[in-house]
Amino acid sequence: MFDIRIEGYSVDLNPASQITLEKYNPILDFATVQGARVNSFSLPDTPLNRRVLGYFYDPQAGYTNRRYFCEKYVDSQVIEQGYVKIQQSAEGGTTLYFTQNLGEIFGDLQGLALSEIGFASLALPGAPVAAANHLADAYCFPSIENPGFYGNQAFTGVMNKYDSGTSTFAAEARVPHFFLRWVLEQFGLKTGWRFQGDFLDDQDLARLILANLYSLDGASAIFPANHLPDLTCGGLLIELRKLFNLYLDFDVRRKVADIGFVDDILVAPCLLDWTTKADPGHTKTPETVNRLELGYELDSNDALMKPIPPLMDKYITPETVANEGGSVLSIRSRLSTYLKNPVSGLAMTSQPGISPNNKDSQNKGAPKVLFWNGIVSGKPTATHTSGTRSLIWNGASNLVDAGYRRFERFKESTFRLNKVVYLTPADLATFSFRNKVHIKGVNYLVGSKKVALMKDQKVIPVEMELWRV
């Protein structure tokens, strides 16, 4: 039996009620994270429905544009959870629409860049700690070579220059770099969301910091927004997704964002056999976008990026017999990184910083990430390498080898099958896009599924887009 519950109440349905639900696998989309798409539906005008929806049809009743928590059940199995809003109310009933839109999940902060959010100010340290703890501290002060920080003014050439003999930082060009972990935690406190997953548990990726050029010259406190990129939190997650080939999974009801790795999903065993559930007919389409182009949007203000250093250049899947004739999927992250001076071991850049003492520039530069390495050879250090990981596309321990090799092979050899699969309510309730499915000797990723939910369904036909793994 099909059942819709709004705010915990099983609402009255029209005899022929039907809801069409569509869901998409985030693995296959690098530009956004799509939530569920559900067509609008109507509830009849009954005393129960009027009460649940706050008597909205009554002209004297107000409306606060509220969202109502909605669950859809088939045979007592939860098929979908999210929120509905009222679209319109007429004499015969009320039309609602589903709002599990990932473009709205962070509420009032959804559209604000991190640099625009009023995070609480932090006390200005008289003597900054050089050996910051990446698991506990909010920020660190890595020494980074940047001779152009104050333009043509005399300068030591190093941001956060540190004297290990006296254990002190130079007074000029002090630039705190915030840990990604801390930023997500603080954003979560403001929105009620929690960020978790293998990405955040990785011992090297836990050291990621958001590099910036905003000096504390003349400051009375540290205002985090000054040191954060002009990216929304959702935008930051998508750019990290592109950099590390991440799997972003959002539980809208529990407000939990789980961040894992696509390559882990591709290598996981296939545990579902749907051979007997699948219709024998299908439409098969070759994958013609079967090569990858991976790179950054490099910072045009950094003089060291002109010309583009080979290590920082884009990576393109070589053309082989297996993929010849196909086109290229371009994946470019707005997050880049700094080169490392092989002699000093410090990260290096060449661009004006932001300071009241610097009249040359107020440009924050493109967003960048680095790994906090701690104290190295007596200097607080952050570079593009940590352990077995690197933030560059070429060379040793590169981003391609770490996150894209399996996905690259998948794109090279996959094809698409459009097929109807007959599932039970339990199948739908327990399915995750993380799961691979087996049909007649072939394993697939489910790219999307479209299902029409209605009363008295024991077996539900589901239109699926399947990709051979």
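K.L.:
Please clarify how the sheet that holds strand S2 (residues 9-10) should be interpreted in this entry.
P.N.:
Two strands in a sheet stick together by hydrogen bonds in their backbones, pointing the same way (parallel) or opposite ways (antiparallel). With respect to topology, six strands assemble into an open sheet ordered S2-S1-S6-S7-S8-S5, the strand pairing being antiparallel. The open sheet has two free edges, formed respectively by S2 and strand S5 (41-44), since each of these has just one partner strand.

K.L.:
What exactly am I supposed to notice about the pattern of salt bridges here?
P.N.:
Between side chains of opposite charge, a pair can form when the charged atoms approach closely. Under the criterion given, the structure shown has 19 salt bridges. In this structure, the salt-bridge partner of Lys-23 is Glu-80, at a minimum N-O distance of 3.7 Å. Residue Lys-23 is found in strand S3 (residues 18-24), and its partner Glu-80 is found in strand S7 (residues 77-90); the two are separated by 57 residues along the sequence. Among the ionic pairs, Asp-299 bridges to Lys-368, the shortest N-O distance being 2.5 Å. Residue Asp-299 is located in the loop between strand S23 (289-296) and strand S24 (315-316), and its partner Lys-368 is located in strand S28 (residues 368-376); the two are separated by 69 residues in the primary sequence. Taken as a pair, Asp-299 and Lys-368 share a single burial class, namely buried. Within this structure, Asp-249, Asp-258 and Arg-434 form a network of salt bridges that share partners.

K.L.:
Quick question: what am I supposed to make of the domain arrangement of the protein here?
P.N.:
The extent of an interface is frequently quoted as the accessible surface area lost upon association of the parts. Structurally, the protein comprises domain 1 (1-104 + 414-468) and domain 2 (122-261 + 290-409). Spacing between the C-alpha centres of domain 1 and domain 2 amounts to 39 Å. Listed as interface residues are 16 residues of domain 1 and, on the opposing side, 15 residues of domain 2. Contact between domain 1 and domain 2 buries roughly 1500 Å² in total, counting both sides, with carbon and sulfur atoms accounting for 64%. Counting the surface domain 1 buries against domain 2, the share from its top three residues, Phe-30, Val-33 and Arg-434, is 46%. Joining domain 1 to domain 2, the criterion identifies two salt bridges. The salt bridge partner of Asp-258 is Arg-434, with a shortest N-O separation of 2.7 Å. Seen at the junction of domain 1 and domain 2, the total is four residue pairs in polar contact (both at pLDDT 80 or more). The class makeup of the residues in the side of domain 1 that touches domain 2 is 10 nonpolar, four polar and two charged.

K.L.:
What is the right way to look at the packing of helix H2 (residues 180-191) against helix H4 (residues 233-244) in this model?
P.N.:
Packed helices, taken two at a time, are described by the angle between their axes plus the distance between the axes. The geometry of H2 relative to H4 is characterised by a closest axis approach of 12 Å and an angle of 145° between their N-to-C directions. Note that H2 runs across H4; the crossing there is left-handed. Contacts between H2 and H4 involve Leu-180, Leu-184 and Phe-187 from the first element and Cys-233, Leu-236, Leu-237 and Leu-240 from the second. The residue inventory of the contact of H2 with H4, partitioned by class, reads seven nonpolar, no polar and no charged.

K.L.:
What is the right way to read the sheet that holds S24 from this model?
P.N.:
With mixed pairing, the three strands of this open sheet are ordered in space as S24-S23-S25. Looking at the sheet topology across the chains shown, the edges are occupied by S24 and strand S25 (327-333). Where H4 meets the sheet, its contacts fall on S23 and S25, and the angle it forms with S25 comes to roughly 125°. Relative to S23, helix H7 (residues 405-413) is tilted by about 150°, and along the sheet it contacts S23, S24 and S25.

K.L.:
Can you walk me through the pairing of strand S34 (residues 442-454) in this structure?
P.N.:
Along any regular strand the residues' side chains alternate between the sheet's two faces. Both S3 and S34 contribute to a ladder of seven bridges, which runs antiparallel. If you follow Tyr-24 over to S34, its bridge partner there is Ser-448. Two elements, strand S33 (residues 436-439) and S34, share four bridges in a ladder whose sense is antiparallel. Residue pairing in the sheet places His-438 in a bridge with Asn-443 of S34. The hairpin formed by S33 and S34 contains two residues between the paired strands, and Lys-440 there has a positive phi angle of roughly 50°. Where S34 meets strand S35 (residues 460-468), seven bridges bridge the pair, whose relative direction is antiparallel. Considered in S35, the bridge of Tyr-444 is made with Arg-468. The antiparallel pairing of S34 with S35 creates a hairpin that spans five residues between the two strands, and Asp-456 there sits at a positive phi of about 60°.

Calculation notes
Residues numbered from 1 in each chain as written. Predicted model: local features only at pLDDT ≥ 70, side-chain atom pairs only at ≥ 80, totals over all residues. Heavy atoms only, no water. Pairing = 2+ DSSP bridges. Helix = DSSP H or I, 4+ residues; strand = E, 2+ residues; numbered from the N terminus. Salt bridge = Lys/Arg side-chain N within 4 Å of Asp/Glu carboxyl O. Buried < 20%, exposed > 50% of the residue type's maximum accessible area, 1.4 Å probe, protein only. Domains from an automatic or database assignment. Contact = heavy atoms within 4.5 Å. Buried area = accessible area lost by both parts, 1.4 Å probe. Polar contact = N/O pair within 3.5 Å; in protein donor to acceptor, adjacent residues only side chain to side chain. Nonpolar A, V, L, I, M, F, W, Y, C, P; charged D, E, K, R; others polar. Axes fitted to C-alpha atoms, helices over the stretch in contact; angles between N-to-C directions. Left-handed = near helix turned anticlockwise from the far one by under 90°.

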